[in-house]
Amino acid sequence: MSYVDGFVLPVPAAQLDAYKKLARKAGKIWIEYGALQYTECVADDVKPGKVTSFPQAVKLKDGEVVLFSWIVYANKRDRDRINKQVMSDPRLADMADPKNLPFDGMRMFWGGFKPVVEYLAE
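A brief look at the structure comes next. (Residues numbered from 1 in each chain as written. Predicted model: local features only at pLDDT ≥ 70, side-chain atom pairs only at ≥ 80, totals over all residues. Heavy atoms only, no water.)

Quick look at a nonpolar patch on the surface now. On the surface, V46, F54 and F68 cluster together into a nonpolar patch covering about 240 Å² of accessible area. Positionally, F68 belongs in strand β3 (residues 64-73). Assessed through its relative accessible area of 39%, F68 is described here as partly exposed. (Patch = residues over 30% accessible without salt bridge, like charges linked within 9 Å, V, L, I, M, F, W, Y side chains within 5 Å. Areas by Shrake-Rupley, 256 points an atom, 1.4 Å probe, with all protein chains shown as cover. Salt bridge = Lys/Arg side-chain N within 4 Å of Asp/Glu carboxyl O. Helix = DSSP H or I, 4+ residues; strand = E, 2+ residues; numbered from the N terminus. Buried < 20%, exposed > 50% of the residue type's maximum accessible area, 1.4 Å probe, protein only.)

For helix α1 (residues 16-33), built from 18 residues, the straight-helix expectation of 26 Å at 1.5 Å per residue is met to within 8% by its first-to-last C-alpha distance of 25 Å. Listed in full, the buried residues belonging to α1 are L16, Y19, L22, A23, A26, G27, I29 and W30. End-on, the buried residues of α1 take up no more than an arc of 165 degrees, which puts them together on one face. α1 presents D17, K21, K28 and E32 as exposed residues on the side facing more than 90 degrees away from its buried surface. The positive-phi residue at the C-terminal boundary of α1 is G34, with phi of around 125 degrees. (Expected span 1.5 Å × (residues − 1). Arc of directions from axis to C-beta.)

Position of F54 relative to the elements: it lies in helix α2 (residues 54-57). Residue classification places F54 among the partly exposed residues on the basis of a relative accessible area of 34%. Taking the C-alpha atoms as reference points, F54 and V65, separated by eleven residues in sequence, lie 10.0 Å from one another. Ignoring any residue separated from it by four or fewer positions in sequence, one finds F54 in contact with V8, V46, V66 and F68. (Contact = heavy atoms within 4.5 Å.)

Have a look at this one:
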C-alpha cells in the first residue's frame, strides 16, 4: 500500500490565485522527486459543523476558503526521502519565510497516513 501526507489550511479568497501558483510550483517539485500524486482541492460543499468541521478546524475567518490536499507516495520511506529533498530544494526557499506565504501557516494542519483500505481504478 501507498503512504499519504494530508494537509488542511485556510487561504484568504483574495490570495487563492497566489496560493494556486505556489501549489503548482510545489506540486511539480514533489512529483520530480518521486511523489506519485499531488492534489490540492478548494472547499466547494463544506459547511461548518455543530461539533467539528474543516472550517472549525482551521478557525476559518470571513473571506477565507478551506483547502484539503494530499500527496501520495509509494511508501513511508519514499515519503521521508522525498520530503527531505523537497524541503531543501532552493526553488522553494520562498516558502521558508512565513511572511511570503499567501496563507496563515499557524492554522494549517497536516500528518502522514498509512492507508487501511485502498482501491485503484484499472
